[in-house]
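One letter stands for each residue in the lines below.
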Protein chains: 2
Amino acid sequence: MNIEIDLTQNLKSKPNADQIAFGTIFTDHMFVMDYSTEKGWYDPRIVPYQPIALDPAAMIFHYGQTIFEGLKAYTTPDDRILLFRPEKNFRRLNLSADRMSIPAIDEQFALAGLQKLIEVEKEWVPKAVGNSLYIRPFIIGTEPNLSLAPSKTYQFIIILSPVGSYYKDGIQPIKIHVEYEYTRAVRGGTGFAKTAGNYAAAYKAQEKATTEGYSQVLWLDGIEKKYIEEVGSMNVFFKINGEVITPELNGSILEGITRMSIIELLKGWGITVIERRISLEELYNAANCGELEEAFGTGTAAVISPIGELNWGNRNIVINKSEIGSLSQKLYDTLTGIQTGKLEDLNGWTVEVK
Amino acid sequence: MNIEIDLTQNLKSKPNADQIAFGTIFTDHMFVMDYSTEKGWYDPRIVPYQPIALDPAAMIFHYGQTIFEGLKAYTTPDDRILLFRPEKNFRRLNLSADRMSIPAIDEQFALAGLQKLIEVEKEWVPKAVGNSLYIRPFIIGTEPNLSLAPSKTYQFIIILSPVGSYYKDGIQPIKIHVEYEYTRAVRGGTGFAKTAGNYAAAYKAQEKATTEGYSQVLWLDGIEKKYIEEVGSMNVFFKINGEVITPELNGSILEGITRMSIIELLKGWGITVIERRISLEELYNAANCGELEEAFGTGTAAVISPIGELNWGNRNIVINKSEIGSLSQKLYDTLTGIQTGKLEDLNGWTVEVK
């Protein structure tokens, strides 16, 4: 398929990414592709960034058939533009699509579309250290029909947003609140998919945590409320007695691409990484014997987010004196180094936008 | 607040509701009201039915902050227009709103807006027996922002759709497939809320059931996979040995307005109704001893949907020879009789649109 390009006549002024709030400023163009059951995916195009006009009965408004991805483009010191494992994002988009009964996209074509879009918008990729261009591919069901059935039409859209450094004042370990009342996801549900419903459903718990002075929620499994699943919208890792443990993928946990990369990095360094169930009780006991050495969340936004404190009910754990641990710091430096082209990409993870 | 009315110059032709598919034809106008954190809900208006234009970063597309309701308007034999317990729908809309961190609406004002809209569209309320005007109020988060936080702006919209009789060839008992793999909802999740994410998440299971020759899915609890929760998107009732049992509201079951009305009707008739946990095993045993007399789903669309057959794995139950039971029939006749003004409304459930 040929990608039609319709350039805008009115270029926006480019703000300093560090001075804007995350995800509020968008570039001049967007990538759009339509789907119908008769034609499949068709009419891929790059058009001026513009509102989407949908019938009020469009299924996205009623039954939640929508999925998304999030990744970043970085400027290297020698002025190249790099994407980090973008093929993994489009792979996961298709896994999410399958769960939400949304038709699959051609992953390679979607990546080609993204590359073309970034080429058009290359002036928007921030150059300042720590800044990047946030990329948001998403698919929505658009058929105007109130029947409970998968949509017969869809739009696949990619929008771009310049974003500032996540850590403007250096990495600050966060305080985490264990959530008992609300559940993020359960076996047989949609937890492993990046779909809208998972996110708004988490706001009540986040609100509670914020009110109580914590910056994120630690999610437990929906069945026994014993096992650790995620932190906020991040995967989570614990360094206990020299080994690194992260909850195993069980259908209710998102398979993070940062998670995947961290596991590969650690293994490459000869550090034991175990993907298995880990209970809050085990964590508490490890902390009590002084074996809980580091804890951190991982995700596209922060890359590594060290956990300084963990609270549930009357119990409180302070981890590594609420300072970033040396392994966390090394992982952060290595991963961001590879992403931004400052370190050699020995794993072949980056893809250059020409 | 005053409701501004902007009438269309191009009225659509009105189809025969019985000849159109559910939820595909909409009336000439819609009700719209906006929300911002500064102004609260403002600018209520009735405008020509038209597309909604949203920024591609609007939160509804990404994080699923949306809720809806479904109810119907009926024409009585003496040509009045009745709504059935509409205040309960707006009450539930606010319960859903709270779960999804959406600001509450003024329930009485929303009902007044709906009545005004139906007054404008009164020619669209079908007169043929069994037909009705389906009403879909919904709220969407509209702020263009990719941050994970509740939207600061919303739209509340009501659209109307003439719909045909659910049972064109008389009531047919349905065959139900018990779902083990997928989960609809779990304690601490969003199951009790009418929010988009719950619905698309159910398509995979429905697809499986359809493929295997069943018309709906029976959902079990997400924790033990033992207890009955809902059937498709309906509540469910079982008549066992003269008593009626329905799963108790536990946070993962939607509090249906038809469910509520059926419980009240049955109690009024002196029939024992018990809201409690009921396991599949108990149901199977009751069927084996010949004590499972009737089973039916309840909801706005079908009112009563008798269950003729229930299947899980190698087990199969045929209920009441796959015929509608006398209690199911009486409930259907009474409830539809009250809704359409053919029977006296002793409970004060109907609201006339003047």
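Calculation notes
Residues numbered from 1 in each chain as written. Chains lettered and ligands numbered in written order. Predicted model: local features only at pLDDT ≥ 70, side-chain atom pairs only at ≥ 80, totals over all residues. Heavy atoms only, no water. Helix = DSSP H or I, 4+ residues; strand = E, 2+ residues; numbered from the N terminus. Rg over C-alpha atoms; globule rule 2.2 N^0.38 Å. Buried < 20%, exposed > 50% of the residue type's maximum accessible area, 1.4 Å probe, protein only. Contact = heavy atoms within 4.5 Å. Areas by Shrake-Rupley, 256 points an atom, 1.4 Å probe, with all protein chains shown as cover. Lys, Arg positive; Asp, Glu negative; His and termini not counted. Charge placed at Lys NZ, Arg CZ, Asp CG, Glu CD. Polar contact = N/O pair within 3.5 Å; in protein donor to acceptor, adjacent residues only side chain to side chain. Least-squares fit on C-alpha atoms with pLDDT ≥ 70 in both. Domains from an automatic or database assignment. Buried area = accessible area lost by both parts, 1.4 Å probe. Salt bridge = Lys/Arg side-chain N within 4 Å of Asp/Glu carboxyl O. Phe/Tyr/Trp six-rings, centres within 6.5 Å; stacked < 30°, edge-to-face > 60°. Lys NZ or Arg CZ within 6 Å of the ring centre and 35° of its normal. Expected span 1.5 Å × (residues − 1). Nonpolar A, V, L, I, M, F, W, Y, C, P; charged D, E, K, R; others polar. Pairing = 2+ DSSP bridges. Core = buried A, V, L, I, M, F, W, Y, C linked by side-chain atoms within 4.5 Å. 1 Å grid on protein atoms, 1.4 Å probe; cavity = no way out; pocket = protein on both sides within 12 Å on 5 of 7 lines; lining within 4 Å. Points joined across faces, edges and corners; volume = space filled by probe spheres on them.

## Things to note about the overall build of chain A
Then step 1. A tally of helices and strands in chain A yields eight helices and 19 strands.
Then step 2. A compact globule built from 354 residues should have a C-alpha radius of gyration of about 20 Å, and chain A, at 21 Å, falls within 12% of that.
Then step 3. Considering only C-alpha atoms, chain A reaches an extent of 60 × 50 × 35 Å along its principal axes.
Then step 4. Of all 354 residues assigned to chain A, the portion counted as buried reaches 61%.
Then step 5. Once local pairs closer than 6 in sequence are excluded, the contacts in chain A between residues at least 24 apart make up 71%.
Then step 6. Within the structure as shown, chain A displays about 13,700 Å² of accessible surface, and the carbon and sulfur contribution to it stands at 47%.
Then step 7. Here chain A contributes 35 positively and 44 negatively charged side chains, and the mean placements of these two sets differ by 1 Å.

## Digging into unusual backbone geometry
All names here are of chain B.
Then step 1. Positive phi values are uncommon outside glycine, yet Asp79 reaches one of about 70°.
Then step 2. Summarising the element assignment, Asp79 is placed in the loop between strand 6 (71-75) and strand 7 (81-84).
Then step 3. Here the phi dihedral of Lys321 falls at roughly 50°; this positive angle occurs in a residue that is not glycine.
Then step 4. The topology assignment puts Lys321 in the loop between strand 18 (315-318) and helix 8 (326-339).

## What to know about the side chain of Thr76(A)
All names here are of chain A.
Then step 1. Along the chain, Thr76 falls in the loop between strand 6 (71-75) and strand 7 (81-84).
Then step 2. At 2.8 Å, the side chain of Thr76 forms a polar contact with the backbone nitrogen of Arg80.
Then step 3. Setting aside chain neighbours within four positions, we find Thr76 in contact with Leu82, Thr340 and Gly341.

## So, the relation of the copies chain A and chain B
Then step 1. The operation relating chain A to chain B is a screw motion whose rotation component is 180°, with 0.0 Å of axial translation and a residual RMSD of 0.0 Å. Read as a symmetry element, the transformation amounts to a two-fold axis.
Then step 2. By residue overlap, the copies meet face to face through one surface: 100% of the interface positions of chain A are interface positions in chain B.

## Side note on the domain arrangement of chain A
Residue and element names in this part refer to chain A.
Then step 1. Partitioning chain A into domains gives domain 1 (4-163) and domain 2 (174-339).
Then step 2. Measuring from the centre of the C-alpha atoms in domain 1 to the corresponding centre in domain 2 gives 28 Å.
Then step 3. On the side of domain 2, 21 residues touch domain 1, which itself brings 19 residues to the contact.
Then step 4. When domain 1 packs against domain 2, close to 1,800 Å² is buried across both sides, 61% of that on carbon and sulfur atoms.
Then step 5. Of all residues in domain 1, the largest losses of buried area upon contact with domain 2 belong to Phe84, Arg92 and Arg99, amounting jointly to 34% of the total for that side.
Then step 6. Between domain 1 and domain 2 we count one salt bridge in total.
Then step 7. In this structure, the salt-bridge partner of Arg85 is Glu264, at a minimum N-O distance of 3.3 Å.

## Re the packing of aromatic side chains
Then step 1. Under the counting rule described, the total for this entry stands at 31 aromatic pairs over all chains.
Then step 2. Between Phe61(A) and Phe138(B), the ring centres sit 6.1 Å apart and the planes meet at 25°, which makes this aromatic pair stacked. Here Phe61(A) is found in helix 1 (residues 60-63), whereas its partner Phe138(B) is found in strand 8 (residues 132-141) on a different chain.
Then step 3. Between Tyr167(A) and Tyr332(A), the ring centres sit 5.9 Å apart and the planes meet at 75°, which makes this aromatic pair edge-to-face. Here Tyr167(A), found in the loop between strand 9 (153-163) and strand 10 (174-179), pairs with Tyr332(A), found in helix 8 (residues 326-339); they are 165 residues apart in sequence, far enough to count as distant.
Then step 4. Taken together through their ring pairs, the aromatic side chains of Phe31(A), Tyr35(A), Trp41(A), Tyr154(A) and Phe156(A) make up a single cluster.
Then step 5. The ring of Tyr214(A) carries Lys175(A) above its face, with NZ or CZ at 5.4 Å from the centroid.

## Topic: helix 3 (residues 107-120) of chain A
All names here are of chain A.
Then step 1. Its 14 residues place the ends of helix 3 20 Å apart at the C-alpha level, agreeing with the 20 Å of an ideal helix rising 1.5 Å per residue.
Then step 2. The complete set of buried residues in helix 3 reads Phe109, Ala110, Leu111, Gly113, Leu114, Leu117 and Ile118.
Then step 3. Measuring from the side-chain oxygen of the N-cap residue of helix 3 to the backbone nitrogen of Gln108 gives 3.0 Å; that N-cap residue is Asp106.

## What about the interface of chain A and chain B?
Then step 1. Taken residue by residue, the interface counts 58 residues in chain A and 58 residues in chain B.
Then step 2. The contact between chain A and chain B buries some 4,800 Å² in all, and 61% of this surface belongs to carbon and sulfur atoms.
Then step 3. For chain A, the biggest contributors to the area lost against chain B are Pro56(A), Phe61(A) and Tyr203(A); these three give 15% of the whole.
Then step 4. Our count for the chain A to chain B interface comes out at two salt bridges.
Then step 5. For Lys204(A), the salt bridge identified is with Asp98(B), shortest N-O distance 3.1 Å.
Then step 6. Summed over the shared surface of chain A and chain B, the number is 30 residue pairs in polar contact (both at pLDDT 80 or more).
Then step 7. Sorting the residues of the side of chain A that touches chain B by element identifies strand 4 (52-54), helix 1, strand 5 (66-68), helix 2 (86-99), strand 8 (132-141), helix 4 (196-200) and helix 5 (203-211) of chain A as the ones contributing at least two each.
Then step 8. Looking at the side of chain A that touches chain B residue by residue, the classes come out as 32 nonpolar, 17 polar and nine charged.
Then step 9. Direction of pairing for strand 4 of chain A relative to strand 4 (residues 52-54) of chain B: antiparallel, over a ladder of three bridges.

## Focus: the nonpolar core
Then step 1. One finds Phe61(A), Phe156(A), Phe61(B) and Phe156(B) to be the most contacted residues of the largest nonpolar core, which totals 113 residues.
Then step 2. With sequence-adjacent residues up to four places away left out, Phe156(B) is seen in contact with Phe31(B), Val32(B), Met33(B), Trp41(B), Phe90(B), Leu93(B), Ile105(B), Ala110(B), Pro137(B), Phe138(B) and Ile139(B).

## A short note on the environment of Ala202(B)
Then step 1. Within the fold, Ala202(B) resides in the loop between helix 4 (196-200) and helix 5 (203-211).
Then step 2. Each C-alpha atom, one on Ala202(B) and one on Ala185(B), is 9.6 Å from the other, the two residues being 17 residues apart in sequence.

## Notes on empty space enclosed by the protein
Over the atoms rolls a probe the size of a water molecule, and in doing so it shows where empty space is left.
Then step 1. Scanning the entire structure with this criterion turns up six cavities of 30 Å³ or more.
Then step 2. Approximately 290 Å³ is the volume attributed to the largest cavity.
Then step 3. If you go around the largest cavity, you meet 23 residues; those closest to its centre are Arg184(A), Thr190(A), Arg184(B), Thr190(B) and Asn198(B).
Then step 4. Of all the secondary structure elements, the ones that give two or more residues to the lining of the largest cavity are helix 4 of chain A together with helix 4 of chain B.
Then step 5. Of the residues belonging to the lining of the largest cavity, the class tally is seven nonpolar, 14 polar and two charged.
Then step 6. What the second largest cavity holds in volume is close to 100 Å³.
Then step 7. Gly70(A), Leu71(A), Lys72(A), Tyr74(A), Phe84(A), Asn89(A), Arg92(A), Ile257(A), Thr258(A), Thr300(A) and Gln339(A) together form the lining of the second largest cavity.
Then step 8. Secondary structure elements with two or more residues in the lining of the second largest cavity: strand 6, helix 2 and helix 6 (257-268) of chain A.
Then step 9. Take the lining of the second largest cavity: its biggest share by element is three residues, from strand 6 of chain A.

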